[in-house]
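Now for the letters of each chain:
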Amino acid sequence: GCLGDTQFCFRFRQSSGRRVSLHCLLDHYDKDLPVYLKKDPAYFYGYVYFRQVRDKSLKRGYFQKSLVLISKLPYIHFFHTVLKQIAPEYFEKSEPYLEAACNDVDRWPAPVPGKTLHLPIMGVVMKVRIPTCHDKPGTTQIAQLTQQADTHISVILPTVHEVDLFRCFCPVFLHSQMLWELVLLGEPLVVMAPSPSESSETVLALVNCISPLKYFSDFRPYFTIHDSEFKEYTTRTQAPPSVILGVTNPFFAKTLQHWPHIIRIGDLKPAVSLFILFFFLYFLGVYTSYKPYLNRDEEIIKQLQKGVQQKRPSEAQSVILRRYFLELTQSFIIPLERYVASLMPLQKSISPWKSPPQLRQFLPEEFMKTLEKTGPQLTSRIKGDWIGLYRHFLKSPNFDGWFKTRRKEMTQKLEALHLEVLCEEDLLLWTQKHTEVETVDLVLKLKNKLLQADREHLPVKPDTMEKLRTHIDAIILALPEDLQGILLKTGMT
């Protein structure tokens, strides 16, 4: 049914046991990315440019071809733009053109977050900036870069990953806040759409609406009956899994009718077959028995409706909707962040001669008590059962993923602080009061600390690492020569 050119995205699991060397390169840049842009080691993205046009010279009467770009990176807008530059020409000129495009890509610099990158592709140069975890959420740095007069820049991308949020939510924007809750809680959601592009964009917009929180469950922007998880995700023998599926095949209307939350969207494109068009137009809307925890914010609805009446551009409407979702997510997450920060041991409890102290345990009831004084009411005008929403969230995969990430970051911070405390000690003086065996043990422990700091990208200041190396060298030099030789070799590999 999709005549002409269509672009969409899909996501699929990586075969278990496979390790691609590219991961190591990307891991290096991953640490500076916002959590929602980090690659998922278990998944790949497929970015598609599909062309279907009538052609009587072909046996089937149609020219049908897709160009698919596979990546670990969730840079949706960026890769769709790349394909827009390559695919139409490739369909005309075939393989040699693709080789030339690959040669261009080979010359691209590394995808370093925070740097402005100039990427040549088939006669044009794309100017992009990958966000960093230090960027203020909701801002884009590329806007100020466009003020520089770059005559050779053909394409300036304001974002590498965002989709047109308002266009995706437009058919269901009265339910925007409820959908935000469903995504936040990791509820099973299916999006039924008439085309792969609408299906994939809507799923990606849903995942994007809880940003800067990462959506930790599975999501499939375009899911088909050929996907290897088809049986797993459509079984009726157990409750639907925590996943967002985007589908276009009317077959799913029956297969997934037991799912608790269904979004049906449609578009009056003449190319869509009458059967599918009738099916989607007749049943459009959000189907769920879910009762939202929060009262609906009528102000945002009025603001967006006014924008529609005044023919405000979709980009401007998206900015309003994105800011609204961002404020909602931040109001929700700030009390959690504040409580988790209180689980960190005091800096004075860190001793150089003991292992770093452990984080205190997350106690749900203790957290709930903090909401009375420092809950979301401090930053949000929205009323409702916030406590109920938090209780539900604490049982969700999104909380589990968020807390594991925060706990890892805080544990690494404790390791880094422990290193700094160690560096401030007079380690040489300590060795003079202890045996050779204890001194050797200390050297090996310090070397392990250095390796760990490097391997885990601990947030350690460069001069701390240098100080530690100086300490190690000084201690080794104070030991007998035979031990010096052994210790200098140890930990070098």
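Everything that follows concerns the structure shown earlier in this document.
Residues numbered from 1 in each chain as written. Predicted model: local features only at pLDDT ≥ 70, side-chain atom pairs only at ≥ 80, totals over all residues. Heavy atoms only, no water.

**Considering the overall build of the chain**
Then, number 1: Along its length, the chain carries 19 helices and 11 strands.
Then, number 2: Taking all 493 residues of the chain together, 48% fall into the buried category.
Then, number 3: Excluding contacts between residues fewer than 6 apart, the proportion of contacts in the chain whose partners are at least 24 apart in sequence is 72%. (Helix = DSSP H or I, 4+ residues; strand = E, 2+ residues; numbered from the N terminus. Buried < 20%, exposed > 50% of the residue type's maximum accessible area, 1.4 Å probe, protein only. Contact = heavy atoms within 4.5 Å.)

**Considering the packing of helix α13 (residues 364-374) against helix α14 (residues 386-393)**
Then, number 1: Interaxial distance between α13 and α14 falls to 11 Å at its minimum, and their mutual angle equals 155 degrees. Considering their axes alone, α13 and α14 lie roughly antiparallel with respect to each other. In the packing of α13 onto α14, the handedness of the crossing is right-handed. Mapping the contact onto sequence places Glu365, Phe367, Met368 and Leu371 in α13 and Ile387, Tyr390 and Arg391 in α14.
Then, number 2: Per-class residue counts for the contact of α13 with α14 are five nonpolar, no polar and two charged. (Axes fitted to C-alpha atoms, helices over the stretch in contact; angles between N-to-C directions. Parallel < 35°, antiparallel > 145°, perpendicular 65-115°, else oblique. Left-handed = near helix turned anticlockwise from the far one by under 90°. Nonpolar A, V, L, I, M, F, W, Y, C, P; charged D, E, K, R; others polar.)

**A short note on unusual backbone geometry**
Then, number 1: A cis amide bond links Ser211 to the next residue, Pro212, at an omega of 10 degrees.
Then, number 2: Relative to the elements of secondary structure, Pro212 occurs in the loop between α7 (196-208) and β8 (218-220).
Then, number 3: The backbone of Met122 shows a phi angle near 50 degrees, a positive value even though the residue is not glycine.
Then, number 4: A relative accessible area of 25% places Met122 in the partly exposed class.
Then, number 5: Backbone geometry places Lys311, a non-glycine residue, at a positive phi of 55 degrees.
Then, number 6: Structurally, Lys311 is set in the loop between α11 (298-309) and α12 (314-341).

**Quick look at the sheet that holds β8**
Then, number 1: Spatially, β8-β9-β7-β10-β11 is the arrangement adopted by the five strands of the open sheet, whose pairing is mixed. On the outer flanks of this sheet lie β8 and β11 (285-288), each paired with one strand and no other. Adjacent strand axes in the sheet meet at a mean angle of 10 degrees, parallel and antiparallel pairs treated alike.
Then, number 2: Here three bridges tie β8 to strand β9 (residues 243-247), and the two strands are oriented parallel to one another. The partner of Phe219 across the bridge, within β9, is Ile244.
Then, number 3: Sitting on the sheet, helix α6 (residues 176-184) touches β7 (189-192), β9, β10 (261-264) and β11, and the angle it makes with β11 is about 50 degrees.
Then, number 4: In the packing of α7 onto the sheet, contacts are made with β7, β8, β9 and β10, and the angle to β9 comes to roughly 160 degrees. (Pairing = 2+ DSSP bridges.)

**Some details on the pattern of salt bridges**
Then, number 1: Per the counting criterion, the structure on display carries 28 salt bridges.
Then, number 2: With a shortest N-O distance of 2.8 Å, Glu365 and Arg391 are connected by a salt bridge. Here Glu365 is found in helix α13, whereas its partner Arg391 is found in helix α14, with 26 residues between them in sequence.
Then, number 3: With its nearest N and O atoms 4.0 Å apart, the salt bridge here joins Lys461 to Glu420. Here Lys461 is found in the loop between α17 (436-455) and α18 (462-477), whereas its partner Glu420 is found in helix α15 (residues 397-424), with 41 residues between them in sequence. (Salt bridge = Lys/Arg side-chain N within 4 Å of Asp/Glu carboxyl O.)

**Structural notes on the environment of Ser176**
Then, number 1: Mapped onto the secondary structure, Ser176 falls in helix α6.
Then, number 2: For Ser176 and Cys209, which are 33 residues apart along the polypeptide, the C-alpha to C-alpha distance reads 9.2 Å.
Then, number 3: For Ser176, the contacting residues outside a window of four places in its chain are Phe169, Leu321 and Phe325.

**Regarding the packing of α12 against α14**
Then, number 1: The geometry of α12 relative to α14 is characterised by a closest axis approach of 12 Å and an angle of 75 degrees between their N-to-C directions. As the angle between them shows, α12 and α14 are arranged roughly perpendicular. Taken together, the residues of α14 that come into contact with α12 (itself represented by Leu328, Ser331, Phe332, Pro335 and Leu336) are Trp386, Leu389, Tyr390 and Phe393.
Then, number 2: Looking at the contact of α12 with α14 residue by residue, the classes come out as eight nonpolar, one polar and no charged.

**A short note on the sheet that holds strand β4 (residues 116-121)**
Then, number 1: Strand order in the open sheet made by the three strands is β4-β5-β6, with mixed pairing throughout. Where the open sheet ends on each side, the last strands, each with one partner, are β4 and β6 (155-156).
Then, number 2: In terms of strand pairing, strand β5 (residues 124-129) meets β6 through two bridges, oriented parallel. Residue pairing for β6: Lys127 is matched across the bridge by Ile156.

**What to know about the nonpolar core**
Then, number 1: In terms of nonpolar packing, the biggest core is built from 92 residues, with Phe78, Trp180, Leu336 and Phe362 touching the most fellow members.
Then, number 2: Each of domain 1 (4-157) and domain 2 (164-410) contributes no fewer than three residues to this core.
Then, number 3: Residues Ala416, Cys423, Trp430 and Val460 belong to the second largest nonpolar core, which totals 22 residues. (Core = buried A, V, L, I, M, F, W, Y, C linked by side-chain atoms within 4.5 Å. Domains from an automatic or database assignment.)

**Notes on the packing of aromatic side chains**
Then, number 1: Tallying each qualifying case throughout the model produces 33 aromatic pairs.
Then, number 2: Between Phe8 and Tyr222, the ring centres sit 5.0 Å apart and the planes meet at 75 degrees, which makes this aromatic pair edge-to-face. Taken as a pair, Phe8 in strand β1 (residues 4-13) and Tyr222 in the loop between β8 and α8 (230-234) lie far apart in primary sequence, 214 residues in all. Of the two residues examined, Phe8 and Tyr222, each falls in the buried class.
Then, number 3: Judged by centre distance (5.7 Å) and plane angle (45 degrees), the ring pair of Tyr90 and Phe91 falls under tilted. A single burial state applies to Tyr90 and to Phe91, both of which are buried.
Then, number 4: Grouping aromatic residues by their ring pairs yields a cluster made of Trp180, Phe332, Tyr339, Phe362, Phe367, Tyr390, Phe393, Phe399, Trp402 and Phe403.
Then, number 5: Sitting over the ring of Tyr43, Arg11 keeps its end group 3.8 Å from the ring centre.
Then, number 6: Over the aromatic face of Phe216 sits the side chain of Lys214, whose NZ or CZ is 5.8 Å from the ring centroid. (Phe/Tyr/Trp six-rings, centres within 6.5 Å; stacked < 30°, edge-to-face > 60°. Lys NZ or Arg CZ within 6 Å of the ring centre and 35° of its normal.)

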